[in-house]
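Understanding the architecture of this molecule
If you want the building blocks of each chain, they are given just below.
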Amino acid sequence: MSLVRVHNFSMSLDGYGTGEGQSLDAPFGHAGTRLMQWAFGTRTFRAMGLPGDGEPSFGVDEAFAGTWAPGIGAEIMGRNKFGPQRGPWQDEDWKGWWGDNPVFHTPVVVLTHHPRPVLEMEGGTTFHFLDAGPAEALERARELASGKDVRIGGGVATVRQFLAADLIDHLHLVLVPILLGRGERLWDGLEDLEQRFEIEATPSPSGVTHLVFTRRPRD
């Protein structure tokens, strides 16, 4: 069975995976770029188009960032990650934050209560809009992944739903030393989650801590 993985999911010290007030100009709301500053110095995220000064790093942050793509056959993301619109689609010309050639290069299942036709992009990315719960969405993503692993890309509510449904095998969180105070928290309703996972922590010179949760064998 293919694995279900989360990679490079940044979170503040007080548990927020995004700030309040997401908009077209502020994908992470009032958090701005603070949750992702650690990624700007990595080769992986530079290749995805993130800005950065100087030569990209081969260090700890890159070692974790670079595990994002290998072995992945499909991604599942929530409507909020795909774009800032809510409710019925007012503008189907919106094709996501990533331009004509998105970074995924695989099928992507977008969870929404308002499905729309499959959207084919350059570079092998196809967006499939599905109104489904975690188990059904994962079944569809595995069909599209052709035996490879499935990545849960976010946002916060989507990762939380898959954790609550006990469907995640590998969870990589990046604990960023900031306090947001408001936004969307990852851990709400997930008491005792740590009992399901083996957990390793790796500090980085950039100031973040990489937390890797590996699912213990199921009974």
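For the structure, see preceding data.
Residues numbered from 1 in each chain as written. Predicted model: local features only at pLDDT ≥ 70, side-chain atom pairs only at ≥ 80, totals over all residues. Heavy atoms only, no water.

**Details of the overall build of the protein**
Short version of the rule: To qualify as a helix, a DSSP run of H or I must reach at least 4 residues; to qualify as a strand, a run of E must reach at least 2; elements of each kind are numbered from the N terminus. The cut-offs for exposure are 20% and 50% of the maximum accessible area for each residue type, with area from a 1.4 Å probe on protein chains only; residues under the lower value are buried, those over the upper are exposed, and the others partly exposed. Residues count as neighbours in contact if any of their non-hydrogen atoms are within 4.5 Å of one another. Exposure was quantified through the Shrake-Rupley algorithm and a 1.4 Å probe, taking into account, for residues, occlusion by the shown protein chains and nothing else. Positive residues here are Lys and Arg, negative ones are Asp and Glu, while His and the chain termini are left out of the count. Think of each charge as sitting on NZ of Lys, CZ of Arg, CG of Asp or CD of Glu.
When helices and strands are counted, the protein shows five helices and 11 strands. Based on the C-alpha atoms only, the size of the protein along its principal axes is roughly 45 × 45 × 30 Å. When the 219 residues of the protein are sorted by exposure, 47% land in the buried category. Summarising the internal contacts of the protein: among those between residues at least 6 apart in sequence, 62% fall at separations of at least 24. Total accessible area on the protein stands at roughly 10700 Å², and carbon and sulfur atoms take up 52% of it. Mean positive and mean negative side-chain charge positions of the protein (20 and 29 charges, respectively) differ by 1 Å.

**Focus: helix H4 (residues 134–145)**
Under the convention used in this document: Helix span, expected: 1.5 Å multiplied by one less than the number of residues in the helix. Think of it as the arc spanned by the lines of direction from the helix axis to the C-beta atoms.
The end-to-end C-alpha distance of H4 is 16 Å, a good match for the 16 Å that 12 residues give at a rise of 1.5 Å each. Within H4 the residues assigned to the buried category are Pro134, Ala137, Leu138, Ala141, Leu144 and Ala145. Taken around the axis of H4, the buried residues stretch over an arc of 120°, which confines them to a single face. Residues of H4 that are exposed and angled more than 90 degrees away from the buried face: Ala135, Glu139 and Glu143. The inward-facing, buried residues of H4 contact strand S1 (4–12), strand S3 (72–78), strand S4 (107–111), strand S6 (126–130), strand S7 (149–154) and helix H5 (156–164). Backbone geometry just after H4 places Ser146 at a positive phi near 55°.

**What about the packing of aromatic side chains?**
For the record, the criterion: Here the aromatic set is Phe, Tyr and Trp, taking the six-membered ring for Trp, and pairing holds for ring centres within 6.5 Å; pairs whose planes are under 30 degrees apart are stacked, those over 60 apart are edge-to-face, and all others are tilted. Placement of a charge over a ring requires the Lys NZ or Arg CZ to be within 6 Å of the ring centre, with the centre-to-atom vector within 35 degrees of the ring normal.
Across all of its chains, the model carries 13 aromatic pairs by this definition. Relative to Trp98, the ring of Phe82 has its centre 6.4 Å away and its plane inclined at 50°; by these criteria the two rings are tilted. Here Phe82, found in helix H3 (residues 79–82), pairs with Trp98, found in the loop between H3 and S4; they are 16 residues apart in sequence, far enough to count as distant. Of the residues examined, Phe82 reaches a relative accessible area of 0% and is grouped as buried. Taking relative accessible area as the criterion, Trp98 reaches 22% and is therefore assigned partly exposed. The ring centre of Trp89 lies 3.6 Å from the NZ or CZ of Arg79, which sits over that ring. For Arg185, the ring lying beneath its charged end belongs to Tyr16, and the centroid distance is 5.8 Å.

So yeah, pure geometry; function would need other evidence.
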